[in-house]
Each structure stands twice: as C-alpha cells, then as structure tokens.
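# Fold and geometry: a report
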Amino acid sequence: MRKSHALAYLRQICCSNLSSELITTEFLRAIPNLIQSNSNTFSVCDQQLRSIYHLTGFDLGYLAPAVPNVLRDHHTKERLVRVANWFRQSPTLDDPRIVDDQFYKSDVYNIIYRAFDMHYTSWIKVPINDSQVGVLGLYRSKNQADFSSGDRNQITSLIAYLSHAYQAKPNQATEYGNTASQGMLIMNPEGRLIYQCPEAKRLIQLADTPRTLIDRRQNNRLLENLKKLADDLVSIHRGKESAIPAFDRVNPYGAFSFKGYWLNNLDSDSNNMIGVTVKYREPIELKLLRAVRNFPLSPTQKEVAMLLAKGISFEQIGRKLHIKQNTVKDHAGKIYLKLNIRQRGDLLPLLLSVNSVH
C-alpha cells in the first residue's frame, strides 16, 4: 500500500464515527502500512502516567495473564517521573534507556518485549482529556533499523488525529452488519473446552477483548461465560429455572454471539457433549472503511466513496471535504467507472460484499 493511501486511511479511521477503542485498535493494526513497525500498543494513563489499561494491535497469547503484573512492577514511581519529565521537553521518547539504563536487562524486556520482537521503541504522548493521557508505542525488531527522524515526524503528525478520536463523541450507536463469520466449539457438561474449529478459535481470540488491565484479571471472563453457558444448559435439562444458554459480547473488534445446545441424546451417559456456535458481526463503518481502502481509488476518492455509500448528498460532501459540488460529481463519476458500477445505489452493496474479516 502506498504511504499516501496508508496515511489517508489512518486519518479516516480517526475521524470516523467508531468508538475510541475500536479506532485505536484498528489504528494499531494499520499503522505498519505507513511506518514499519510491529506489536504496537496504546496505553491509557492518568496524568501521572500511571497506566489504566492497554490496547494492543496483536494477540498476547499465552503471555496475557502475566503481562499486567510485569508492567505494573516495571512502572515504578521513579520511572514514571523520568517519562513525565522527558515528555515535557519532547513529544517522543525513542530510547528506553532514558527511563531505565538497564532496560534491556529488565524483566519487562526479557519477558514481554523479546517475546514479541520489540527492541527499538518510539513512545509518543497523546492528549486525551483533563484526567487522562495516552502513550502510543511503536516497535521494531533487533534486526531492523531504529526509528529515524523522518519516522518520528510522520508519527507526530498523526497524534492530533488520534487525540481527536478520544475527544470526539460518536453521534450515533455503532451499527453492526450481518454475520460475517461463524465457528463452532465443543465442551463437556462441566464447561471444559474439548474441541474448537479453526474459525471458532480465531473468533474467540477476537472476542477476548484486547484491553489489558493493570489490576490483573483473576480469571478469563470469556471462559467464565462459556462455563456458565454450560451450567445453564445442564440446569435447564434438570428442570431448573435458569438463564438462556447464550450470551453476547461486544468489543473493539465487533459483536459476538454465543449459543449453546446439546449435541447428542440426553441420558445417563457421561459422554454428553455441548456444542457452542460463535457468530461474529463486524461494525458496518469499519467494514466500509476497510473495503474502500483496498479499491484502486485516490485518497480523496476514497473519502468521497465512503460518504456516497452513507447516502450523503453531493452538497454536504462538498462542504465536508471543502471542495466544490461539481468536483464531488466529477469524483463520483470516476469512482463508478473505476469500480465498474453504474450509480450510487450500487456502491453500498459492493462495499458490503467485500470480505474484510481478519
């Protein structure tokens, strides 16, 4: 993807009607298209830079339970003061040894950073509100070059957009599309996971919210919900009043629905199994943005295409993008031609038909 298109996409995401956490998660996943980086993070902190929670653009996997404790132990008062003092004079902090001269021998580096190939760092302060501040973290592996001054300038040019995402309130609730993907898993009546198809495994990873709390979660809440689903199903079979064996979960990736049912005839056989279907629905606006991103359109045409798909008039699009109405019509004609469609009404169905699931 050309950098001009990658930059336009990041700006469009930050100025979308999506929630701040959804925007940030997508931002973390998309920024490597503009600036070479991996395993990127975003931390929401109080004004003293004490972490409230973290968002990641990648799956923490087996390290998820350990990460909060390791980070909490590393973020001592002395280190936080050093970070705060540095950010008073510079928008970016690019050498972790400024905070801790033994950083590359620390637990946080050897347990977390090395596991995810995070060696070179670039931390950028992001204003949020009077009580909170964000820290965007970009990383590169040891065999890559360190971040350059050009990289830092590119990063800092985006901070105002990311800040806007947290300060702007969505003017409407997130709307989700039809089922984009589904999978199945199998549990025993005690709620122990026995089998999950590849798609169910992927969806469960998405459904397990990518927010890492500093006050460590004692249990995996998604697994708790699945066990309760099994308990409810068993209770209903025994004639007891219980909740419906289903639950929904919404996070920055989208909406997930879990529904349980028996897989075999119920008798005294101890081999009874419970099936659980997992259905995923993607936020419509995010789906449209991802679809438009991959079309052979200029950055401006992509903005116009998004607004056309939402039913915005030519006049309103012109005002929003600060261009003449005739220019909007000209862009629309070129969009229809490039996408091989005849009219505006064909645009939304085309975008919704694009498979943009992770």
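Scope of this entry: the structure provided in the associated data block.

Rules and cut-offs
- Chains are numbered independently. Their residues run from 1 in the order of the written sequence.
- A pLDDT threshold of at least 70 governs which residues receive local features in this predicted model, and a stricter bar of 80 or more applies before side-chain atom pairs are shown or counted, although totals over entire chains, interfaces and linings include all residues.
- Water and hydrogen atoms play no part in the side-chain values, which are based on all heavy atoms of the structure.
- For this analysis, a nonpolar core means a set of buried residues of the types Ala, Val, Leu, Ile, Met, Phe, Trp, Tyr and Cys, connected via side-chain atoms within 4.5 Å.
- Only protein chains enter the accessibility calculation, which uses a 1.4 Å probe; a residue whose area is less than 20% of its type maximum is buried, one above 50% is exposed, and one in between is partly exposed.
- We call two residues contacting when some pair of their heavy atoms lies within 4.5 Å.
- Between any two strands, at least two bridges found by DSSP are needed for them to pair.
- Secondary structure elements are taken from DSSP: a helix is a run of H or I of four residues or more, a strand is a run of E of two residues or more, and numbering for both begins at the N terminus.
- When we speak of the arc, we mean the arc of directions from the helix axis to the C-beta atoms.
- Pairing of aromatic rings covers Phe, Tyr and Trp, the last counted by its six-membered ring, and requires centre-to-centre distances within 6.5 Å; plane angles under 30 degrees mean stacked, over 60 mean edge-to-face, and any other angle means tilted.

With that settled, consider the nonpolar core. If you look at the biggest cluster of nonpolar residues, it comprises 55 residues, and the most contacted ones within it are Phe27, Phe42, Leu136, Leu308, Ile335, Leu347 and Leu351. Non-local contacts of Leu136, meaning those with residues more than four positions away in its chain, are made with Phe27, Leu28, Thr41, Phe42, Ser122, Trp123, Ile124, Val126, Ile155, Ile159 and Leu162. One finds Leu63, Leu71, Leu80 and Val133 within the second-largest nonpolar core, a separate group that totals 25 residues.

Let's shift gears to the pairing of strand β10 (residues 254-262). For strand β9 (residues 246-251) and β10, the ladder comprises six bridges, and the chain directions are antiparallel. The residue bridging Asn251 from the neighbouring strand is Gly254, located in β10. The turn linking β9 back onto β10 is made up of two residues. Relative to strand β11 (residues 274-283), β10 runs antiparallel, the two being bridged by eight bridges. Bridge pairing in β11 places Ser257 opposite Lys279.

Bringing helix α7 (residues 159-167) into the picture now. The α-helix winds at 3.6 residues per turn, so residues separated by three or four positions along the chain end up facing the same way. Among the residues of α7, those classed as buried are Ile159, Leu162, Ser163, Ala165 and Tyr166. Down the axis of α7, the buried set is contained in an arc of 150°. They therefore lie on one face.

Positionally, Asn188 belongs in the loop between β6 (176-187) and β7 (193-196). Excluding anything up to four places from it in sequence, Asn188 contacts Ile194, Ala230, Asn272, Met273 and Ile274.

A word on the packing of aromatic side chains. Going through the model one piece at a time under the given rule, you end up with eleven aromatic pairs. Ring centres of Phe42 and Tyr166 lie 5.4 Å apart, and the angle between their planes is 20°; this geometry places the pair in the stacked category. Remark: Tyr166 occurs in helix α7 and Phe42 occurs in strand β1 (residues 41-46); sequence separation between them is 124 residues. According to the relative accessible area criterion, Phe42 is buried, its value standing at 0%. Residue class for Tyr166 comes out buried when judged on its relative accessible area of 15%. A ring pair is formed by Phe103 and Trp123, whose centres lie 6.4 Å apart and whose planes are at 80°; its orientation type is edge-to-face. One end of the pair, Phe103, is in the loop between β3 (92-93) and α5 (107-113); the other, Trp123, is in strand β4 (residues 120-127), and 20 residues separate them in sequence. Cluster of aromatic residues (ring-pair linked, three or more members): Phe103, Tyr104, Tyr109, Tyr113, Trp123 and Tyr139.

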